[in-house]
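Report on the structure
Each chain is listed here by its residues.
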There are 8 protein chains.
Amino acid sequence: MTTGEKNRAALVGIVMGSDTDLPVMTEAGKTLEKFGIAYEMEVLSAHRTPARAHEYATSAASTTLPVIGVPMATCVLNGLDALLSTVQMPGGIPVATMAIDKPGAVNAAIFAAEILALGDEGIARKLVAHKEELARGVAEKNARLQKQLSEKK
Amino acid sequence: MTTGEKNRAALVGIVMGSDTDLPVMTEAGKTLEKFGIAYEMEVLSAHRTPARAHEYATSAASTTLPVIGVPMATCVLNGLDALLSTVQMPGGIPVATMAIDKPGAVNAAIFAAEILALGDEGIARKLVAHKEELARGVAEKNARLQKQLSEKK
Amino acid sequence: MTTGEKNRAALVGIVMGSDTDLPVMTEAGKTLEKFGIAYEMEVLSAHRTPARAHEYATSAASTTLPVIGVPMATCVLNGLDALLSTVQMPGGIPVATMAIDKPGAVNAAIFAAEILALGDEGIARKLVAHKEELARGVAEKNARLQKQLSEKK
Amino acid sequence: MTTGEKNRAALVGIVMGSDTDLPVMTEAGKTLEKFGIAYEMEVLSAHRTPARAHEYATSAASTTLPVIGVPMATCVLNGLDALLSTVQMPGGIPVATMAIDKPGAVNAAIFAAEILALGDEGIARKLVAHKEELARGVAEKNARLQKQLSEKK
Amino acid sequence: MTTGEKNRAALVGIVMGSDTDLPVMTEAGKTLEKFGIAYEMEVLSAHRTPARAHEYATSAASTTLPVIGVPMATCVLNGLDALLSTVQMPGGIPVATMAIDKPGAVNAAIFAAEILALGDEGIARKLVAHKEELARGVAEKNARLQKQLSEKK
Amino acid sequence: MTTGEKNRAALVGIVMGSDTDLPVMTEAGKTLEKFGIAYEMEVLSAHRTPARAHEYATSAASTTLPVIGVPMATCVLNGLDALLSTVQMPGGIPVATMAIDKPGAVNAAIFAAEILALGDEGIARKLVAHKEELARGVAEKNARLQKQLSEKK
Amino acid sequence: MTTGEKNRAALVGIVMGSDTDLPVMTEAGKTLEKFGIAYEMEVLSAHRTPARAHEYATSAASTTLPVIGVPMATCVLNGLDALLSTVQMPGGIPVATMAIDKPGAVNAAIFAAEILALGDEGIARKLVAHKEELARGVAEKNARLQKQLSEKK
Amino acid sequence: MTTGEKNRAALVGIVMGSDTDLPVMTEAGKTLEKFGIAYEMEVLSAHRTPARAHEYATSAASTTLPVIGVPMATCVLNGLDALLSTVQMPGGIPVATMAIDKPGAVNAAIFAAEILALGDEGIARKLVAHKEELARGVAEKNARLQKQLSEKK
């Protein structure tokens, strides 16, 4: 995932190595839509791999766009292989690694929004609203729990 | 590490949980200086921990500043504990995790520069120059290797 | 989970970062009820995380209440990430870490009871009774097994 | 490590499976001394093992004293084996597990103090003072860092 | 699992910490029956644990009977915790560790038979027969595979 | 390591895949000498490997001799690779796995002695004496510790 | 899996330690058929194991045929044990290790084809065609994704 | 590492992402020289990474040359990150992964020789001679060990 400049139509590019990653990365897309951030989404060539943030960072290395990586959980090693491939970049090629799978995909979108919010008041306001909404959701769940606990007595 | 807005004196804040992290995070500071990016650096309260990017993200959560995490290698578990604490954030609280220790500290600074370069042409130019310098360094090392190999024949 | 002083209504506070932890932490609540120990239970703000015992310990750090942590198993890394985040606290901020998931939630409650039993004879007696009951349960299972084995001959 | 009742001479018992653990567990002793807490310290029989908190909890199981475990780092597996042996107790036998090695030994002592402070105002006051001292130490280190940074300019 | 002397009724004792281990350890019992080896099987007290081979070895330590351990797979950490607890015994207290779960339970029984066969010709003959039977089973499966492959052509 | 029948000159065969294992396996030899157990020791062919207990068990599979495995710690993966290769045998081919490196080598010898003691009163007596000696050693270390602690007061 | 010389009927031998590996290794067979490469497939003796590439390499060690290993995922340790057993060969006995399970089985076949293609133009042409087909498949999936995205707008 | 066709001057290309890998990969070069196999060796661009076999395989993906990967041990995670990045390739892009570090570098060269030996009798003869030499070395070490053991008696 790379965050681009404002004057390009799509501000964020979501790149996948395989269409099996689509259900996870669609979460990133949905989250960007909440912030009104235009994005493009692509499945890259057959030769993309679990370490694809890695390679993408490399091929995009003459540019200076920030790259965010989301490790995909694999069946056999619980995503540890994808996580280590994505995060353990050598000095000089940063990939901003997020949590494994869906929580990581959502956070990648929020992180991209945080970057873009540095230069865009509208996105900043939507981010603040989103964080308040999350906090409200937890407060409501807690209120429901307190009610249940008091009814039990 | 958080990247701030341009109109503040320091554009990046480097936060450590203990002064034992200073030798590693100083690398981040030096890298930021190469790009001419002003930063502030602080050791936080006694109650900061290996999962401190985590907590810092939480306490800064009502703001919308991007947070970048650098896991510190610990003696006993080779940094795996710090890496997992930093990267496995829940949906809603992204911490852009870098590689463990010095390579991660350097990359955190480059990543912060990439973010700031989106809105600052000068930083963007310095980043491109830095990447070209890295590439030149490798080309020179390769040339030296080819010379050694041909002399051996 | 923190164990409080006797003169407060609730002697134990159970704190969760998300209501998805409720099925596991309810086991802690049920176990405390067996010992007649009053408790309160809360879902904290949206910004609480897998390393939440960690953060809670930090925010409660100016008090001297003991903090007990229960790592929650996550799908992707089998709970290893939560375990390491919870247990690997730096010197100065102890979190008494229990086993992952339900066995840990039950043990957190028993451990809280063991602490409170130091100053409360009634809880101490109930704890001894509980341990005797567990032992009796195993003895009965063993007796059943011996019967099966002898019938098979 | 078990925390006993106030009317016994030693309030905390430190138990080791081998005298090779002595350099680590001496840190727990020193920390208890800061809080004025009397303790006893013993190397148990030849048959104690890396999972010794485990066994000790078992043999002390008819009592209701809280047991705190400190995993010792081993050369070959970086302490992961000791950590998992100590923390993964079954439901019914809690061992309050601390971080691996010295940070864990120090925290075990602080945690024992936190338990005893519930019933002893003097220990509670010393704990608060200790936490303030830690915070002051960090503040001083930070002040020194700010001085260095400003001198560099 | 301990292998006893010939003049006792049961030559092998199978000890479990919980009746949830019964489905796995019953495989050990069945295998011993194939070799005509008498055994006893017991669920021990409530305070037995994942590291129970460990503790059993310790409590039986004044005897010189060989102890064989079978790590049980746990949901959360895939049995790695049980394996490390069982195998990483300190010098002086050997526990002959087998593979995790059912393959380990079967092998524990075969290993006990191998020990007893050193002093019992009848068991030795049955062991040889068992190994020949296993080899025959594989040869038959291979023959079936060759038939399938040739029919496909 | 295999334990043979009594009527052979060497009762135990110690087999290594490389002479780099000699410093570790010499500990097994020394321990066997304490029990007066004759052994032979061999470095096998160039094609033996970290998983060599594995292969040795396989090649010796038509016999019924018990096989004991000692995983050797490797630099890169702390011995986890050797441990998993040795212990995770399929059903039908038990290898009694000991702890990694020297503690495992010593325990392999004690375990072999425990097996041979089933049919040899002399070895049984020496084993009991050895265990008593270990216990005495710990008791002496503990006495020394108590002296130090009381002098400190 | 070994790749043989051209003048033998079967150019590749697929060897399994158990018929439970058949569903995975059949994928290797199917892939070889795509390239028109004749192969033989066998379940070896009862004494083959998770580390079987290991052993096979050893027993075939006086030949100079390349050996390719496919680690099989096991339930309990997610295939990490099989991976480490297969890949961590000592100097002198290479086993070309592929990814765990089906992706590894497919890749083992492609890799065997790549080796044979060095001396066989026909296989080389089929490999190129296969890689083009994979790339076309991805391009089609991407086109479908672009269509979905544009329809959504 | 890729093995090329016979009619090119260099039959094997050794590619590194950094000159810090040179001490390890020089072992591969030396081994190839033993077999009289010409090779070229290069440090690639600044943007190559721990997962570089991965990327190299990808960029060379339109060719059909076999690719062999040698994971480099890193300080912080003992080479587990490099191993998983190298071996866990997706279906379609095989990288023949060798052991971590020097043993892997030597084996990569032997494996390349095994591939080339399929079409070159001279290399095949040198490989057989090399394997005999290794076996002789072990036999000599074993003879020396037997001499030491007999002198000790």
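Residues numbered from 1 in each chain as written. Chains lettered and ligands numbered in written order. Predicted model: local features only at pLDDT ≥ 70, side-chain atom pairs only at ≥ 80, totals over all residues. Heavy atoms only, no water.

Another aspect to go through is the overall build of chain A. Counting its secondary structure elements, chain A contains five helices and five strands. Burial statistics for chain A: of 153 residues in total, 60% are counted as buried. Long-range pairs, those at least 24 residues apart, make up 68% of the contacts in chain A with a sequence separation of at least 6. Surface exposure of chain A reaches about 5800 Å², of which carbon and sulfur atoms provide 54%. (Helix = DSSP H or I, 4+ residues; strand = E, 2+ residues; numbered from the N terminus. Buried < 20%, exposed > 50% of the residue type's maximum accessible area, 1.4 Å probe, protein only. Contact = heavy atoms within 4.5 Å. Areas by Shrake-Rupley, 256 points an atom, 1.4 Å probe, with all protein chains shown as cover.)

Next up on the list: the relation of the copies chain A and chain B. Least-squares fitting of chain A to chain B yields an RMSD of 0.0 Å, with the superposition described by an axial translation of 0.0 Å and a rotation of 180°. When the rotation and shift are considered jointly, the pair of chain copies conforms to a two-fold rotation axis. Mapped onto chain B, 100% of the interface residues of chain A are again interface residues, and the two copies thus contact each other with one and the same surface. (Least-squares fit on C-alpha atoms with pLDDT ≥ 70 in both.)

All names here are of chain C. Running from N to C, helix H1 (residues 22-34) and helix H4 (residues 101-117) point in directions that differ by 30°, and their axes come no closer than 8 Å. Between H1 and H4, the angle falls in the class roughly parallel. In this structure, H1 meets H4 at a crossing whose hand is right-handed. Two secondary-structure elements touch here, H1 through Pro23, Val24, Met25, Glu27, Ala28, Thr31 and Leu32 and H4 through Asp101, Lys102, Ala105, Val106, Ala109, Ile110 and Ala112. Residue composition of the contact of H1 with H4, grouped by class: 10 nonpolar, one polar and three charged. (Axes fitted to C-alpha atoms, helices over the stretch in contact; angles between N-to-C directions. Parallel < 35°, antiparallel > 145°, perpendicular 65-115°, else oblique. Left-handed = near helix turned anticlockwise from the far one by under 90°. Nonpolar A, V, L, I, M, F, W, Y, C, P; charged D, E, K, R; others polar.)

At the interface, 39 residues of chain A touch 39 residues of chain B. Looking only at chain A, the three residues that lose the most surface to chain B are Thr64(A), Pro94(A) and Leu118(A), adding up to 21% of its buried area. Viewed at the interface, chain B and chain A are joined by zero salt bridges. One can count 11 residue pairs in polar contact (both at pLDDT 80 or more) joining chain A with chain B. Counting residues per element, the ones that place at least two in the side of chain A that touches chain B are helix H3 (80-87), strand S5 (96-97), helix H4 (101-117) and helix H5 (121-152) of chain A. Top contributing element to the side of chain A that touches chain B by residue count: H4(A), with seven residues. For the side of chain A that touches chain B, the class distribution of residues is 26 nonpolar, 10 polar and three charged. (Buried area = accessible area lost by both parts, 1.4 Å probe. Salt bridge = Lys/Arg side-chain N within 4 Å of Asp/Glu carboxyl O. Polar contact = N/O pair within 3.5 Å; in protein donor to acceptor, adjacent residues only side chain to side chain.)

Residues and elements named next belong to chain F. Relative to the assigned elements, Thr31 resides in helix H1 (residues 22-34). C-alpha separation for the pair Thr31 and Ala113, spaced 82 residues apart in sequence, amounts to 9.3 Å. Those residues in contact with Thr31 that lie beyond four places of it in its chain are Val106, Ala109 and Ile110.

Positioned with a positive phi, Asp101(D) is a non-glycine residue whose angle comes to about 65°. Residue placement: Asp101(D) occurs in helix H4 (residues 101-117).

Pairing of side chains with opposite charge becomes possible as their charged atoms draw close. All names here are of chain B. Under the criterion given, the structure shown has 32 salt bridges over all chains. The closest approach of N and O atoms between Lys147 and Glu151, which form a salt bridge, is 3.5 Å. Placement of the pair is Lys147 and Glu151 together in helix H5 (residues 121-152), with a separation of four residues, close to one helical turn. Judged on exposure class, the residue Lys147 and its partner Glu151 are both exposed.

What follows deals with helix H5 (residues 121-152) of chain F. When the terminal C-alpha atoms of H5(F) are compared, their 47 Å separation across 32 residues agrees well with the 46 Å that a helix rising 1.5 Å per residue should span. Considered for burial, the residues of H5(F) that qualify are Ile123(F), Ala124(F), Leu127(F), His130(F), Lys131(F), Val138(F), Asn142(F), Leu145(F) and Leu149(F). Residues of H5(F) that are buried make contact with strand S2 (12-16), helix H1 (22-34) and strand S3 (39-43) of chain D together with H1 and helix H4 (101-117) of chain F. Measuring from the side-chain oxygen of the N-cap residue of H5(F) to the backbone nitrogen of Gly122(F) gives 2.9 Å; that N-cap residue is Asp120(F). (Expected span 1.5 Å × (residues − 1).)

Turning to the packing of aromatic side chains, a few remarks are in order. Following the criterion strictly, the structure yields four aromatic pairs over all chains and no others. Ring plane angle 25° and centroid distance 6.0 Å describe the contact between Phe111(A) and Phe111(B), whose orientation is recorded as stacked. Linking Phe111(A) in helix H4 with Phe111(B) in helix H4 (residues 101-117), this pair reaches from one chain into another. Like Phe111(B), Phe111(A) is buried. (Phe/Tyr/Trp six-rings, centres within 6.5 Å; stacked < 30°, edge-to-face > 60°.)

Once that is clear, we can look at the packing of helix H4 (residues 101-117) of chain G against helix H5 (residues 121-152) of chain G. Residue and element names in this part refer to chain G. Viewed as axis vectors pointing N to C, H4 and H5 meet at an angle of 140°, and their least axial separation amounts to 8 Å. Judged by the angle between their axes, H4 and H5 are oblique. Judged by the twist between their axes, the crossing of H4 over H5 is left-handed. Contacts between H4 and H5 involve Ile110, Ala113, Glu114, Leu116 and Ala117 from the former and Ile123, Ala124, Leu127, His130 and Lys131 from the latter. Residue composition of the contact of H4 with H5, grouped by class: seven nonpolar, one polar and two charged.

This brings us to the environment of Leu11(C). Structurally, Leu11(C) is set in the loop between strand S1 (2-3) and strand S2 (12-16). As a C-alpha pair, Leu11(C) and Glu140(C) span 129 residues in sequence and 34 Å in three-dimensional space.

Residue and element names in this part refer to chain C. Where burial is concerned, most of S2 is hidden: five out of the five residues are buried. In this sheet, strand S3 (residues 39-43) lies alongside S2 in parallel orientation, the contact comprising five bridges. Bridge pairing links Val12 to Tyr39 in S3. At this point the chain moves from S2, through H1, to the parallel S3, and the crossover so formed is right-handed. (Pairing = 2+ DSSP bridges. Right-handed = clockwise from strand over helix to strand, strands pointing away.)

Attention shifts here to the confidence of the model for chain A. Residue and element names in this part refer to chain A. Mean pLDDT over chain A stands at 83; residues scoring 70 or higher make up 80%. The low-confidence segment residues 48-52 (pLDDT under 50) makes 22 contacts with residues lying over four places distant or belonging to another chain. For this predicted complex, the interface confidence comes out at an ipTM of 0.85, alongside a pTM of 0.87. (pLDDT = per-residue confidence, 0-100.)

Moving on, we get to the environment of Pro103(A). Looking at the element boundaries, Pro103(A) is found in helix H4. Judged by relative accessible area, Pro103(A) falls into the partly exposed class, the value being 36%. The spacing of Pro103(A) and Ile14(A) is 89 residues in sequence and 16 Å in space, taken between C-alpha atoms. In contact with Pro103(A), not counting residues within four places along its chain, are Met89(B) and Gly91(B).

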